[in-house]
Amino acid sequence: MATIATPVFEQEYAGGTVARAQVGLWRDGFRRLRRNRLALAALVYLILLFLVAIVAIFWTPYNPATILPNTLTYLGPSAGHPLGTDDLGRDLLSRMMQGAQISLIVGLGTSLVVLTIGVVVGLIAGYFRGWVDTVISVFINIFYGIPGILVAIVLYLVLGRGLGNIMLAISATVWMDMARLVRGQAFSIREREFIEAARASGAKSGKILFGHILPNSLGPIIVQATFVIPIAILTEAFLSYLGLGIPSPLASWGSIASEGYAALPLEPYMMLWPAIALSVTLLAFNFLGDGLRDAFDPRQRR
Amino acid sequence: MTDPILDVRNLSTHFFTDDGEVKAVRGVSFHVQPGETVGIVGESGCGKSVTAMSVLGLVQRPGKVVNGEIMFKGRDLLKLNKEELRNIRGRDIAMIFQDPLSSMNPVLRVGYQIEEAMHAHNKIADAQIDARTIDLLKQVRVSDPERRVKDYPHQFSGGMRQRAMIAMGLSNKPDLLIADEPTTALDVTVQAQILELLRDLNEQTGAAIVLITHNLGVVAGLCKRVIVMYAGEIVEEGTVEQIFESPQHPYTWSLLRSVPRIDASRRARLLSIEGLPPDLIDLPAGCKFNPRCPFRIERCFSEAPLIEQVAPMQLAACWVTMEKAYAEMGAGDITDTSPGAASGVHPKGRQVLPEAEVTATVAESVGD
């Protein structure tokens, strides 16, 4: 009897441990995140940035697009204009606030597009396997093979200028990582017994995909989505710097930097502000992403 | 006799692996009457679970049902399309799995998972689903079901999880419940409770139960009829009394002798079955049990016995049925169960005995 009882016991115990890790994931993860000071500081900064972007919807010191009358161009920081004015005499603080708005919209929007494409494509490839997976994987590899910036530029020129199109163009260069991640998750989760049980109880494929496999891989998906944000912000700034981004007179950190570059010997401030804003924001998103990964990666759990 | 609710005819399921074709289930035929409790027993890898999966159409690549008919309420399940089959799974035929922890989604609430099984089919009206979930949990004796529906699977104990799985299985009032090793992952006291629950539910709901297990004690506690499988084939079938009191296949006999009994004398030794089940890719000729059978005779090596009626309600596939073995070889007293011991066919190979002698032995033991 003892020989029978022992393995049963172990099995139960092992099973229990795994389940606890699974369900306590969220609370556990956030507790770990709170202990990570760098990630926490990044989170605080990002919340502030969000507030700035929201305030910019309703109020900026001046209209960011208006060339102010009786104002010097390339004005350094001064009482009326804390960050100075640009080459046309527009208020830089107002333009930087609008730039924050654009950056966050592009970052989050791209992340959302990537999330949607990556999750759907990845789930389908990982769940149905076979020729579907082969076709999708080949497609993913083709996209990996072409330089991302090239894809973004060509696609953006084809689609036409605009905030929505810039997000689509950037998404086309970064969706593959998400699709691969989700595919791998679906591959392993589909073999778990509760998927078989769901199938045995007559659940439809769509329900199994989005009701069972997706909720079980949400942790790594969210982490990946966080890493997409800084890449998208950087790519947008880069495109705007090249003059291919946000159509003027809308301000983007990239376009401000581009305009500032021309006046670098004359007035370095105009280049400095967007450079600082971009660096700190990208750093913050990366710190937060790292923190989330450390907090939610089951392999690093102690 | 009423029409069987499930009638499996000549089912064969093979797995096409890189190493070769694994013939996991070969020519299996059995039937289940409405409301009946049938046990399928056999050691690991004998094809019990694959048979169940074939019935539900859940065999996945590289496996494939290569032959046979699965008649359920007059329809051949193998001829249905995916959607028709999905509609039967969980609605008319429900399945309970071995490990209740891994068969529940860890991130979804228990109540939600039970409701989901009902939402998948439109058998229960949406308005009744919430109330029925609680009723079902009450029926499977989960205490405080109103609160428990909001728990996650890890907050349930092993026994409660299996109860919840049973509730899920019963939620759409199925005609047939297939329980694949439902008690294996549970400790002994909980096992007994689950079996009692299944027995009561069988009486209350009238759902037929097919219980798949390697545990003969579990079968004795729940089933009226028993099917014994070995190496992908049915070797014996009969009522639970027949199987336990007069097994007609040496494998069944060996299986029974390997189970401890509280009423057996202290000196009676537990006998293990020597050897291993055959390789399902490269099967031996003749009877598949011949390498391990204490009663084997010359014929067992060349010809596979077909399953035949040996008593009312009882079928067995053996050239030397146990009844004859009892009478002519004294099976009751056999303590040496090594292959070939009882019938004189030597384990090392048949050539050891002179040919004339072997023929004589065969003639004596089989009769005609």
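Keep in mind it's a predicted model, so treat the numbers as computed, not measured.

(A) Representation of the interface of chain B and chain A in the model. Every contact between the two is made by 29 residues of chain B and, on the other side, 25 residues of chain A. Counting only elements with at least two residues in the side of chain B that touches chain A, the list comes to helix H2 (82-88), strand S6 (93-96) and helix H6 (158-170) of chain B. When the residues that make up the side of chain B that touches chain A are grouped by side-chain class, the tally is 16 nonpolar, eight polar and five charged.

(B) The sheet that holds strand S1 (residues 6-17) of chain B, seen in detail. Residues and elements named next belong to chain B. Strand order in the open sheet formed by four strands is S2-S1-S4-S5, and the pairing between neighbours is antiparallel. Each edge of the open sheet carries a strand with a single partner, namely strand S2 (20-32) and strand S5 (75-76). Where strand S4 (residues 63-72) meets S5, two bridges bridge the pair, whose relative direction is antiparallel. Paired with Met-71 across the bridge in S5 is Asp-76.

(C) The arrangement of the pairing of S6 of chain B in detail. Residues and elements named next belong to chain B. Neither face of S6 is open: one carries Ile-93 and Met-95, the other Ala-94 and Ile-96, and all of them are buried. In the sheet, S6 pairs with strand S7 (residues 176-180) via four bridges, with the strands oriented parallel. The partner of Ala-94 across the bridge, within S7, is Leu-177.

(D) The arrangement of the packing of helix H3 (residues 110-119) of chain B against helix H4 (residues 126-139) of chain B in detail. Residues and elements named next belong to chain B. Direction vectors running N to C along H3 and H4 enclose 120°, while the axes themselves pass 10 Å from each other. The orientation of H3 relative to H4 falls into the category oblique. In this structure, H3 crosses over H4, and the sense of that crossing is right-handed. Within the contact between the two elements, H3 uses Gly-111, Ile-114, Glu-115, Met-118 and His-119 and H4 uses Ile-129, Arg-132, Thr-133 and Leu-136. For the contact of H3 with H4, the residue count by class is four nonpolar, three polar and two charged.

(E) Main features of the confidence of the model for chain B. Residue and element names in this part refer to chain B. The share of residues in chain B with pLDDT of 70 or more is 92%, and the mean pLDDT across the chain is 85. Scored below 50 in pLDDT, residues 350-368 shows 21 contacts in the model against residues more than four places distant or in partner chains. Scoring of the predicted complex yields 0.76 for pTM and 0.77 for ipTM.

(F) Geometry of the sheet that holds S7 of chain B. Residue and element names in this part refer to chain B. The strand order across the open sheet built from eight strands is S6-S7-S8-S3-S9-S10-S12-S11, with neighbouring strands paired in mixed fashion. Looking along the sheet, the strands with just one partner apiece sit at the ends: S6 and strand S11 (308-311). With direction set aside, neighbouring strand axes in the sheet form an average angle of 25°. The pairing of S7 with strand S8 (residues 208-213) spans five bridges and is classified as parallel. Across the sheet, the residue bridging to Ile-178 is Val-210, located in S8.

(G) Quick look at the environment of Phe-139 of chain A. Examined against the element boundaries, Phe-139 of chain A turns out to sit in helix H5 (residues 130-145). Each C-alpha atom, one on Phe-139 of chain A and one on Met-176 of chain A, is 9.1 Å from the other, the two residues being 37 residues apart in sequence.

(H) Region of the structure containing the nonpolar core. Membership of the largest hydrophobic core comes to 175 residues, with the highest contact counts inside it found for Ala-164, Leu-176 and Val-228 of chain B. Leu-176 of chain B has contacts with Ile-5, Leu-6, Val-32, Asp-92, Ile-93, Ala-207, Ala-208 and Val-210 of chain B, leaving out every residue within four places of it along the chain.

(I) View of unusual backbone geometry. All names here are of chain B. Residues Arg-61 and Pro-62 are joined by a peptide bond in cis, for which omega reads 5°. The topology assignment puts Pro-62 in the loop between helix H1 (48-56) and S4. One non-glycine residue, Lys-73, lies in positive phi territory at about 50°. The exposure class of Lys-73 is partly exposed, given the 16 C-beta atoms found within 10 Å.

(J) Here's a closer look at the environment of Ala-341 of chain B. Residues and elements named next belong to chain B. Along the chain, the position of Ala-341 falls in the loop between helix H11 (322-329) and helix H12 (355-366). A count of 19 C-beta atoms within 10 Å places Ala-341 in the partly exposed class. Placed 264 residues apart in sequence, Ala-341 and Leu-77 show a C-alpha to C-alpha distance of 44 Å. Every residue in contact with Ala-341, bar those within four places of it in the chain, is listed here: Pro-294 and Asp-336.

Parameters and conventions
- Residues numbered from 1 in each chain as written.
- Chains lettered and ligands numbered in written order.
- Predicted model: local features only at pLDDT ≥ 70, side-chain atom pairs only at ≥ 80, totals over all residues.
- Contact = placed C-beta atoms within 7 Å.
- Helix = DSSP H or I, 4+ residues; strand = E, 2+ residues; numbered from the N terminus.
- Nonpolar A, V, L, I, M, F, W, Y, C, P; charged D, E, K, R; others polar.
- Pairing = 2+ DSSP bridges.
- Buried ≥ 20, exposed ≤ 12 C-beta atoms within 10 Å, placed from the backbone.
- Axes fitted to C-alpha atoms, helices over the stretch in contact; angles between N-to-C directions.
- Parallel < 35°, antiparallel > 145°, perpendicular 65-115°, else oblique.
- Left-handed = near helix turned anticlockwise from the far one by under 90°.
- pLDDT = per-residue confidence, 0-100.
- Core = buried A, V, L, I, M, F, W, Y, C linked by C-beta atoms within 7 Å.

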